[in-house]
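The primary structure of each chain is shown beneath.
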Amino acid sequence: MTAPPAGPSDEGYDPRTDRDWSRVEEEAPGVSRHEPIGLRERLSLNRMGTFDWDLDRGFMELDPGALDVFDLRPGEYDGAPLSLAGRVPAKEGLRLDEALAQALRDGHSSYGAYFRVRCRDGTRRWTHSQGRILHDPEGTPYRVIGIVREATGELADSALLRSLQQERQRQTVMVQQTTAALSRALSVRDVTRVLTGTGGARRFGADGLVLGLVANERFEVIAAAGMLGEVPDDMMNTRLDDTLPLSDAARLRRPVFLGTRGELIARYPRLRPYADLLPAGGAAFLPLVAQNTVLGALGLFHAEPAVRSPEARNLALALAGVVAQSVQRATLFDQERELATGLQATMLPRRLPPIAGGAVTVRYHPASVGRDVGGDWYDVIALPQGRTGLVVGDVQGHDTHAAAVMGQLRIALRAYASEGHTPETVLVRASRFLAELDTERFATCTYVQADLESGALHVARAGHLGPLISNTSRHIDWPEVRGGLPLGLATHFGPDHFPETQLFLEPGSTLLLCTDGLVERPGRGISAGIEALSEAVRTGPADLEELADHLSAQLWADPGSEDDMALLLLHREPGPGAVTTPRLRLHVHQADPAGAAEVRSALRRTLDQWRAGAVLHDVEVAASELIANALTHTESGALVTVELLPGAARRIRLEVEDRSSQWPRRRSPGETATSGRGLLLVEALAERWGAEPRGNGKALWCEFLVPADQAADQGR
């Protein structure tokens, strides 16, 4: 056999080579430099000792290394395990005893446990005990041989590792939260809302932040959060120089990290007058650079002084990069939106024509998502013979293409209306125009030809929401207006027919036209939106401009609608001696067989709102008979008027006017006759009735007394 080498080889390993090491005063002066060290000395030098526990005698021997671990002197330990109670607190002793007991119950040959020792000076240090349990041939445990060692440094390293892991997790969460929040920011305003909103600074691990942008060699602060006061006015917009930290970081394209407020003021004396506004801790000023372009800088402030680790600095720079990308994207978005909204603004009327006998106001709000451009529009058109054309429409979509189609359609519809065509003809031509465009978009629209001198409204609609009318007593009516398919679709699928409905706007009443952005919300039916609009008009201000602002705020801005919205209000001024009682006027064309049914439906709705009670059915029957007489025995349509007359005894007056001068006569039909009973029914149902001559015809009228209980309800 070959004998082992007597000493180390010439090519030995020396851990001191090529390394920096510090000189330390030796804590074990009795150890020789080269003489062998015994096992016990080796253990003791590593703060480790052994024990031998005789379970039969109840005696535990501790070597000097173990006594040192327990911080005991030889005379302070008598060999009884319970004498260690002065060094091992009761709770720690229970933990150690439970580890041994569990091993005995499970029949294991070893156990181990961490526990804390109370040192002589009152401090506590972690200790680890590990023992081997010896058993006799019958399996009975009789002896425990083990070691004890100091474990404070070991657990401290473990705690540091856990701390580093927690810090990495925290940093990961910060990056994820910041990236997720900024990914939803479209405009620069959205970016600043993310940074200054709830938890904005905390996403960057800071207590406060300031954001500024560079433009034309100047630095402008656009957002701040978590500061001790407002940013001074003379620092909101400054030159791009080295006198302020944010502009300095942007100018040099380099981050600036400072540990305390004192360091910050010492480096930038211009901040000295505003020291009270700055948090007392550290600060970081990070340039925002995207595609080699300096966009601005981000300042992060901390309440406590701190020295940033390399990892923390790298994290701050990474987050600044995320902010820079978001700011660049948002800036481009704002520029595109400004171009789109400018294009859309040129397509809407810049001013409205004056209206004799009335007033008109409009509101338009772009969508709150996308590029803030859409297809909603309004128009007010001066027509021949003192009439006015009113248009509200909506092209499908919320993009620049929808806005472009809207502009072309608005101009075409305005041209057709200005030629004096009827509402139906105007919409037919507009539908054909849209169908011939190189687009797949369709449009909804309501067109009203208004004559404020007489109050006549001729209405046609194409798949759009009908008009609302509010009279002087704030009675709200949604008259039934028949309509056709949306513009474009009507021509494709045919027939492109848009029936015309005649309404009347009484003096002091207001007509409302709007797009669906005012009444529709995700998750809510349009009927609920219509009810909300009715209530808002009923309780809103009387002034037309104030009412428009009220409706826009309450139904569009405050709920945060994502759709664009167009609103048009037309008010007919009350003239001398104008009727101020609630009134409904409808026109029935002679060639329209469904007109009478529509009048009855509108009549029922109106009388129900007036709380007509028991006479509602009588009024409806009388109206049906008088309308039938006018359509059957004359060569004209019928103008139906129903109003609630004032007075102590409330009455409902019904009038049906036609253009025939032939006076009605009451007949006495036989039992088998199929007609001739109309006036007999009217006479039987009404309290009184009669006929009156009109300029170019006559009017049959009848009055019904509202029951006292219903009149009282109406008065409340």
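On a predicted model such as this, the values are computed, not experimentally measured, just so you know.

Visitor: For this particular structure, what's the right way to read the overall build of the protein chain?
Guide: The secondary structure content of the protein chain amounts to 17 helices and 27 strands. Counted over contacts in the protein chain with a minimum sequence separation of 6, partners at least 24 positions apart contribute 61%. For the protein chain, the accessible area works out to roughly 37600 Å², and carbon and sulfur atoms hold 51% of it.

Visitor: I keep staring at the sheet that holds strand β6 (residues 208–215) and nothing clicks. Help me out?
Guide: Across the sheet, which stays open at both edges, the six strands sit in the order β8-β7-β6-β11-β10-β9 with antiparallel pairing between neighbours. Bordering the open sheet on either side are β8 (237–239) and β9 (256–258), each of which pairs with just one other strand. On average, each strand axis in the sheet is inclined to that of its neighbour by 25°, with strand direction left out of account. Bridge analysis of β6 against strand β11 (residues 293–301) gives six bridges, and the strand direction is antiparallel. What sits directly across from L213, in β11, is G296. The sheet strands contacting helix α5 (residues 188–196) are β6 and β7 (218–225), and the helix crosses β7 at an angle near 50°. The strands touched by helix α6 (residues 245–252) are β6, β7, β8, β10 (283–290) and β11; relative to β11, the strand with the most contacts, the crossing angle is about 140°.

Visitor: Honestly, the sheet that holds strand β21 (residues 510–514) in this entry has me stumped. Any pointers?
Guide: Sheets are built from strands paired through backbone hydrogen bonds, the pairs being either parallel or antiparallel. Across the sheet, five strands lie side by side as β12-β22-β21-β17-β18; this open sheet has antiparallel pairing. The open sheet has two free edges, formed respectively by β12 (358–365) and β18 (476–477), since each of these has just one partner strand.

Visitor: Help me out: how do you make sense of the packing of helix α9 (residues 400–418) against helix α10 (residues 423–436) in this one?
Guide: The relative placement of two packed helices is expressed as an angle between their axes plus a distance between the axes. Here α9 crosses α10 at 145°, and the two axes come no closer than 9 Å. The handedness of the crossing between α9 and α10 is right-handed. Contacts from V405, Q408, L409, A412, L413, Y416 and A417 of α9 reach α10 at V426, L427, R429, A430, F433 and L434. A breakdown of the residues in the contact of α9 with α10 according to their chemical character gives 11 nonpolar, one polar and one charged.

Visitor: Would you mind showing me how to read the pattern of salt bridges here?
Guide: Side-chain pairs of opposite charge can arise where the charged atoms are in close proximity. What the rule picks out here adds up to 25 salt bridges. R105 serves as the salt-bridge partner of E98, at 2.9 Å between the closest nitrogen and oxygen. On the basis of relative accessible area, R105 is assigned to the exposed category, the value being 52%. Notably, a salt bridge pairs E620 with R604, separated by 2.6 Å at the nearest N-O pair. Of this pair, E620 sits in helix α15 (residues 616–633) while R604 sits in helix α14 (residues 595–609); the two residues are 16 residues apart in sequence, bridging distant segments of the chain. One connected set of salt bridges, linked through shared partners, spans R651, R653, E655, E687, R688, E692 and E703.

Visitor: Help me out: how do you make sense of the packing of aromatic side chains in this one?
Guide: Enumeration over the complete set of coordinates arrives at two aromatic pairs. Taking the centre distance of 5.5 Å and the plane angle of 80° together, the rings of F285 and F301 count as edge-to-face. Placement of the pair is F285 in strand β10 and F301 in strand β11, with a sequence separation of 16 residues. Accessibility assignment for this pair places F285 and F301 in one class, buried.

Visitor: Would you mind showing me how to read the confidence of the model for the protein chain here?
Guide: Detailed reading of the predicted coordinates is not advisable wherever pLDDT is low. On average, the protein chain scores 82 in pLDDT, and the residues at 70 or more come to 84%. Considering each helix and strand of the protein chain separately, the mean pLDDT is smallest for helix α17 (residues 708–715), with a value of 54, and largest for β21, with 95.

Visitor: What should I look at first to understand empty space enclosed by the protein in this one?
Guide: The gaps left among the atoms become clear once a water-sized probe is rolled over them. By the definition in use, this model includes four cavities of 30 Å³ or more. By volume, the largest cavity is sized at about 310 Å³. Forming the boundary of the largest cavity are 22 residues, of which V210, V231, M235, L271 and L278 lie nearest the centre. Counting only elements with at least two residues in the lining of the largest cavity, the list comes to β7 and α6. No other element matches α6, which puts three residues into the lining of the largest cavity. Grouping the constituent residues of the lining of the largest cavity by class yields 18 nonpolar, three polar and one charged.

Visitor: Which parts of the structure should I look at to understand the side chain of H475?
Guide: On the secondary structure map, H475 appears in the loop between β17 (468–470) and β18. In contact with H475, not counting residues within four places along its chain, are I469, S470, T606, Q609 and W610.

Visitor: Hey, could you run me through the packing of α15 against helix α16 (residues 678–685) in this one?
Guide: As a packed pair, α15 and α16 sit with axes 9 Å apart at the nearest point and diverge in direction by 155°. Relative to α16, α15 is oriented roughly antiparallel. In this structure, α15 crosses over α16, and the sense of that crossing is left-handed. Within the contact between the two elements, α15 uses D618, V621, A622, E625, L626 and N629 and α16 uses G678, L679, L681, V682 and L685. Considering only residue class, the contact of α15 with α16 consists of seven nonpolar, two polar and two charged.

Visitor: When you look at the pairing of β21 in this model, what are you seeing that I'm missing?
Guide: With five of five residues buried, β21 is to be regarded as a mostly interior element. The two faces of β21 match: T510, L512 and C514 on one face and L511 and L513 on the other face are all buried. By the bridge criterion, three bridges tie β17 to β21 in an arrangement that is antiparallel. Its bridge partner lying in β21, L468 is registered against L512.

Visitor: Can you help me understand helix α13 (residues 544–557) in this one?
Guide: Spanning 14 residues, α13 covers 18 Å between terminal C-alpha atoms, matching the ideal 20 Å at 1.5 Å per step. Buried within α13 are the following residues: L544, L547, A548, L551, S552, L555 and W556. Seen along its axis, α13 keeps its buried residues to an arc of 135°; they face one direction. Among the structural elements, β12, β21, α12 (526–539) and β22 (565–572) are those in contact with the buried residues of α13.

Visitor: Any chance you could explain the side chain of D496 here in plain terms?
Guide: Structurally, D496 can be placed in the loop between α11 (489–493) and β20 (501–504). Accessibility expressed as a relative area gives 17% for D496, which makes it buried. A polar contact is formed between the side chain of D496 and the side chain of R432, at a distance of 2.7 Å. The residues contacting D496, other than those within four sequence positions of it, are V428, R432, A490 and T491.

Parameters and conventions
- Residues numbered from 1 in each chain as written.
- Predicted model: local features only at pLDDT ≥ 70, side-chain atom pairs only at ≥ 80, totals over all residues.
- Heavy atoms only, no water.
- Helix = DSSP H or I, 4+ residues; strand = E, 2+ residues; numbered from the N terminus.
- Contact = heavy atoms within 4.5 Å.
- Areas by Shrake-Rupley, 256 points an atom, 1.4 Å probe, with all protein chains shown as cover.
- Pairing = 2+ DSSP bridges.
- Axes fitted to C-alpha atoms, helices over the stretch in contact; angles between N-to-C directions.
- Left-handed = near helix turned anticlockwise from the far one by under 90°.
- Nonpolar A, V, L, I, M, F, W, Y, C, P; charged D, E, K, R; others polar.
- Salt bridge = Lys/Arg side-chain N within 4 Å of Asp/Glu carboxyl O.
- Buried < 20%, exposed > 50% of the residue type's maximum accessible area, 1.4 Å probe, protein only.
- Phe/Tyr/Trp six-rings, centres within 6.5 Å; stacked < 30°, edge-to-face > 60°.
- pLDDT = per-residue confidence, 0-100.
- 1 Å grid on protein atoms, 1.4 Å probe; cavity = no way out; pocket = protein on both sides within 12 Å on 5 of 7 lines; lining within 4 Å.
- Points joined across faces, edges and corners; volume = space filled by probe spheres on them.
- Parallel < 35°, antiparallel > 145°, perpendicular 65-115°, else oblique.
- Expected span 1.5 Å × (residues − 1).
- Arc of directions from axis to C-beta.
- Polar contact = N/O pair within 3.5 Å; in protein donor to acceptor, adjacent residues only side chain to side chain.

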